[in-house]
Amino acid sequence: MTTQTLAPRKPINWRRAGAWTLVALALIVTIVPFLWMLRTALSSNHSLASNAANLLPADFSWGAFKRVFGMQSAEEAIAEGGSGADINFWLYLRNSIIFSTVTTAGQVFFSAMAAYAFSRLRWPGRNLVFGLFLATMMVPPIFTALPNFLMIKNLGLLNTFAGLALPFLFMTPFAIFFLRQFFLNMSREVEEAAMLDGAKHLRIFFQIVLPNAAAPLATLAFLTFVGQWNEYFWPLLVGQDENVRVLTVGLGVFKSQSPQGAPDWAGLMAGTIVAALPVLLLFLAFGKRVVNSIGFSGIK
Amino acid sequence: MMTTLTKNPPAAAHKAPQRSNRGRGMAKLGDLRIALLFILPAMIGFVAFFLVPTIRGIYLSFTEYSVLGEPEWIGLKNYTSIFADELFWNAMAVTVQYVAINIGLQTVIALGLALLMHRVAKSTFVRGALLLPFLVANVIVALLWFWMLDYQLGIVNEIINWMGLPRIAFFGSEQWAIPTIAFVNVWRHMGYTALLIFAGLQSIPNHVYEVASLDGASPTRTFWSITMPLLRPVLALVLVVTVIGSFQVFDTVAVTTGGGPVNASRVIQMYIYQKAFGESDFGYASALSVILFVILALVAFIQMKFLKGNESDLD
């Protein structure tokens, strides 16, 4: 296929062995920290202190998970090296799911509508508007975050799901750009036939374009969902309150509760697992498609 | 398929879609009415959360505004204060140091990984595994390494100690804080960056390599004379995107050092955050973010110009 078939000879095998060793090394460097996360979460803080370097859990314990899910009393938590402060990752998990699902659904759907208008409809000013949308890709998020915060605050939407979701709900320039490129490359024969039969744009959009674009829509939805799930800055600004606090913000709060001199490492790692697992599971489901789609579109 | 998508986003905007108006000979307005319907939600989002805030952000940068009361126009005062502000220059220096370490390491490692994947390991499994850190939130990656690099109990210091070397206060010392944060983010982004470069490598046609091989070029020679020049547009794009992202580092700093010790890791975005939300000085913070915006635009422009990212050597 490529270079390996072009240069057959012996030294290549030696070279390949070296190359595979490097690949293996990269995989180890990538995977081991995740195992370390799990190992720590399944240990108790006391035995972590005495047994810091074994790959297996220092002693098998669910205590850390109980603690982050608020299933331990303050006394129990303190006895196990936690802070004893209120923490409830069930709630943060729920909030993260609501925030990420709603924004992903809205963003992908509305962006698909806009992409249809940019790729299938002819109207004056189309390229100008599209160029304007693209230009805002250059604006750093922090730049719009300050005025957006002020607006959400003035609307009285601080610490509400509406306040959290609104800036992400309608579009991102990237999502529109991504889908427009797909729509432009899609065959138009079926649509044009339907058009001759008198079908209207709404019907064509829902019954032909959306189903045909299921694959890119799924990829985009995955990328968007992961991005929203991992979002920290905006929820930190507008969603401090426990009722809307998402996992990333919850983790920051949990870390800063740092009790009794030493941090609650086991609890902290249990929390990171709770926050990381849903995305990793989704990746198992979508993995192949996403991996193969990463080129110059997956850029955040 | 998607690799071919957006080599050149700005140009794509001007390229008129290759659509004929066949079958629907309408007047100039074309599909304007139905288009308005389709574009309405996105337009609302665009105007409310991108366009207006951008303009308002620029306006606020010329005001003094503490959230209470109304913004008060003070002209260029914020900007002149910023130029005399030692903390700002410190933040810039810290950020540039971070970007240099982060991008330098990350690009070299990612390029190496991409070449390895291209030569020997094309499997989706390897690529998927290398992508894992990127899927996990910044905050999670930061906390994971905060633990592994802990001075007392972290596994890395355990190993350092076991080797008979003195323990390192990775996040706790002024000279280590920024390199450590840069390293943590290299770990998160290297696989992803490698996949982007890998996609670029795959777009180099095989016959180029075949000719080189027939001419008896060594792998090293092939790499420098063929792979690198042909990869240049892709590499340029990767650099622009990663450098811009790198300048906006915040999450990792926020949950680990909080900008400390002293000012050692107060990167520019951390400084903006503290000015706005710690000191309620929104005018000053807005001026800082205008400056960040200008810097990013300049960096992107210079990189594209310098690396000639718009041109390919393939033609």
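1. Some remarks on the overall build of chain A
Okay, step 1: For chain A, the count of helices and strands is 16 helices and zero strands.
Okay, step 2: In summary, chain A has a C-alpha radius of gyration of 25 Å against a globular reference of 19 Å for 300 residues, an excess of more than 25%.
Okay, step 3: Viewed in the frame of its principal axes, chain A has a C-alpha envelope of about 75 × 70 × 35 Å.

2. Focus on the overall build of chain B
Okay, step 1: Looking only at helices and strands, chain B has 13 helices and two strands in total.
Okay, step 2: Looking at chain B as a whole, 43% of its 315 residues are labelled buried.

3. Some thoughts on the domain arrangement of chain B
Many authors give the size of an interface as the accessible area that is lost as the parts come together.
Residues and elements named next belong to chain B.
Okay, step 1: Along its sequence, chain B is organised into domain 1 (2–60) and domain 2 (86–307).
Okay, step 2: Here the C-alpha centroids of domain 1 and domain 2 sit 32 Å apart.
Okay, step 3: In this complex, domain 1 contributes five residues to the contact, which on the side of domain 2 involves nine residues.
Okay, step 4: Residues belonging to the side of domain 1 that touches domain 2 are distributed by class as follows: two nonpolar, two polar and one charged.

4. Examining the interface of chain A and chain B
Okay, step 1: Taken together, the contacts link 89 residues of chain A with 88 residues of chain B.
Okay, step 2: Across the side of chain A that touches chain B, the residue classes tally to 60 nonpolar, 23 polar and six charged.

5. Re the packing of helix H4 (residues 86–119) of chain B against helix H10 (residues 219–247) of chain B
Residues and elements named next belong to chain B.
Okay, step 1: Where H4 meets H10, the closest approach of the two axes is 9 Å, and the angle between their N-to-C directions is 140°. Put simply, H4 runs oblique to H10. Here the hand of the crossing between H4 and H10 comes out right-handed. Residues Thr95, Val99, Asn102, Ile103, Gln106 and Thr107 of H4 form the contact with H10, whose own contacting residues are Leu239, Thr242, Val243, Ser246 and Phe247.
Okay, step 2: Classifying every residue of the contact of H4 with H10 gives five nonpolar, six polar and no charged.

6. Description of the pairing of strand E2 (residues 68–73) of chain B
Residue and element names in this part refer to chain B.
Okay, step 1: Across the six residues that make up E2, only a small minority, zero, are buried.
Okay, step 2: Looking at chain direction, strand E1 (residues 63–66) and E2 are connected through three bridges and run antiparallel. Looking at the pairing, Ser66 lines up with Leu68 of E2.

7. What about the confidence of the model for chain B?
All names here are of chain B.
Okay, step 1: On average, residues of chain B score 86 in pLDDT, and 89% of them are at 70 or above.
Okay, step 2: The low-confidence segment residues 1–26, where pLDDT is below 50, has 34 contacts with residues more than four positions distant or belonging to other chains.
Okay, step 3: The complex prediction reports pTM at 0.88, with the ipTM value standing at 0.89.

8. Quick notes on the nonpolar core
Okay, step 1: Grouped together as the largest cluster of nonpolar side chains are 170 residues, with contacts concentrated most on Ala114, Ile176 and Met269 of chain A together with Ile140, Leu143, Ala194 and Ile197 of chain B.
Okay, step 2: Here this core takes 14 residues from helix H8 (residues 174–202) of chain B, the largest share from any one element.
Okay, step 3: Leaving out residues up to four positions away in the same chain, Ile140 of chain B has contacts with Leu251, Thr272, Ala275 and Ala276 of chain A.

9. Overview of helix H12 (residues 268–278) of chain B
Residue and element names in this part refer to chain B.
Okay, step 1: For H12, the buried fraction is high: eight of the 11 residues fall into the buried class.
Okay, step 2: Buried within H12 are the following residues: Ile268, Gln269, Met270, Tyr271, Ile272, Tyr273, Lys275 and Ala276.
Okay, step 3: Backbone geometry just downstream of H12 places Ser280 in the positive-phi region, at approximately 50°.

10. Comments concerning the packing of helix H16 (residues 265–293) of chain A against helix H5 (residues 124–135) of chain B
Okay, step 1: Running from amino to carboxyl end, H16 of chain A crosses H5 of chain B at an angle of 125°, the nearest separation of the two axes being 10 Å. For the element pair H16 of chain A / H5 of chain B, the angle class is oblique. When the axes of H16 of chain A and H5 of chain B are compared, the crossing they make is right-handed. On H5 of chain B, the residues that touch Val279, Leu280, Phe283, Gly287, Lys288, Val291 and Asn292 of chain A of H16 of chain A are Thr124, Arg127, Gly128, Leu131 and Leu135 of chain B.

11. A closer look at the domain arrangement of chain A
Okay, step 1: Here the domain parsing of chain A yields domain 1 (18–79) and domain 2 (89–256).
Okay, step 2: Taking only C-alpha atoms, the centre of domain 1 of chain A and the centre of domain 2 of chain A are 35 Å apart.

12. With respect to the confidence of the model for chain A
Okay, step 1: Across chain A, the average pLDDT comes to 86, with 92% of residues at or above 70.
Okay, step 2: Between the elements of chain A, mean pLDDT differs from a low of 49, seen in helix H1 (residues 3–6) of chain A, to a high of 96, seen in helix H9 (residues 161–169) of chain A.

13. Considerations on unusual backbone geometry
Okay, step 1: Omega for the bond connecting Gly260 of chain B with Pro261 of chain B falls within 30 degrees of zero, at -10°, which places this linkage in the cis form.
Okay, step 2: Looking at the element boundaries, Pro261 of chain B is found in the loop between helix H11 (251–255) and H12.
Okay, step 3: Even without being a glycine, Asn159 of chain A presents a positive backbone phi close to 60°.
Okay, step 4: Looking at the element boundaries, Asn159 of chain A is found in the loop between helix H8 (141–154) and H9.
Okay, step 5: With a phi close to 50°, Ser280 of chain B is a non-glycine residue in the positive phi region.

14. What about the environment of Leu76 of chain B?
All names here are of chain B.
Okay, step 1: Along the chain, Leu76 turns up in the loop between E2 and helix H3 (77–83).
Okay, step 2: The exposure class of Leu76 is exposed, given the 12 C-beta atoms found within 10 Å.
Okay, step 3: For the pair Leu76 and Ala276, spaced 200 residues apart in sequence, the C-alpha separation works out to 18 Å.

15. Things to note about the environment of Ile152 of chain A
Residues and elements named next belong to chain A.
Okay, step 1: Within the fold, Ile152 resides in helix H8.
Okay, step 2: Between the alpha carbons of Ile152 and Gly163 there is a distance of 5.9 Å; along the sequence they are 11 residues apart.
Okay, step 3: Contacts of Ile152, omitting those with residues within four sequence positions, involve Leu157, Leu158, Gly163 and Val238.

16. Looking at the environment of Trp176 of chain B
Residues and elements named next belong to chain B.
Okay, step 1: Along the polypeptide, Trp176 turns up in helix H8.
Okay, step 2: For Trp176, a count of 18 C-beta atoms within 10 Å gives the class partly exposed.
Okay, step 3: Between the alpha carbons of Trp176 and Ser265 there is a distance of 9.4 Å; along the sequence they are 89 residues apart.
Okay, step 4: Setting aside its immediate chain neighbours within four residues, Trp176 contacts Ile168, Ala169 and Phe170.

The rules behind the values
Per-chain numbering applies: the sequence of each chain, read as written, is numbered from 1 onward. Starting at A for chains and at 1 for ligands, labels are handed out in the order in which the entities are written. At least 70 in pLDDT is required for a residue's local features to be given in this predicted model, at least 80 for side-chain atom pairs to be given and counted, and no such filter applies to totals for whole chains, interfaces and linings, which use all residues. Secondary structure is summarised from DSSP: a helix means a run of H or I of at least four residues, a strand means a run of E of at least two, and numbering begins at the N terminus for each. Every radius of gyration here is taken over C-alpha atoms, with the globule rule written as 2.2 Å times N^0.38, N being the number of residues. Around each residue's C-beta, the other C-beta atoms within 10 Å are counted; 20 or more make the residue buried, 12 or fewer make it exposed, and counts in between make it partly exposed. All C-beta atoms are placed from the backbone. Where each domain starts and ends comes from a domain assignment, either automatic or drawn from a database. A pair of residues counts as a contact when their C-beta atoms, built from backbone coordinates, are separated by no more than 7 Å. The nonpolar class holds Ala, Val, Leu, Ile, Met, Phe, Trp, Tyr, Cys and Pro. Asp, Glu, Lys and Arg form the charged class, and all remaining residues, Gly among them, are polar. Here, axes are lines fitted to C-alpha atoms. For helices the fit covers the stretch in contact, and angles between N-to-C directions go from 0 to 180 degrees. Orientation is classified from the angle alone, with under 35 degrees giving roughly parallel, over 145 giving roughly antiparallel, 65 to 115 giving roughly perpendicular, and any other angle giving oblique. Handedness of a crossing follows from how the near helix is turned relative to the far one, being left-handed for an anticlockwise turn of less than a right angle and right-handed for a clockwise one. One bridge is not enough; two strands pair if DSSP finds at least two bridges between them. For every residue, the predictor assigns a confidence score, pLDDT, that lies between 0 and 100. In these notes, a nonpolar core means any group of buried Ala, Val, Leu, Ile, Met, Phe, Trp, Tyr and Cys residues linked to one another through C-beta atoms within 7 Å.

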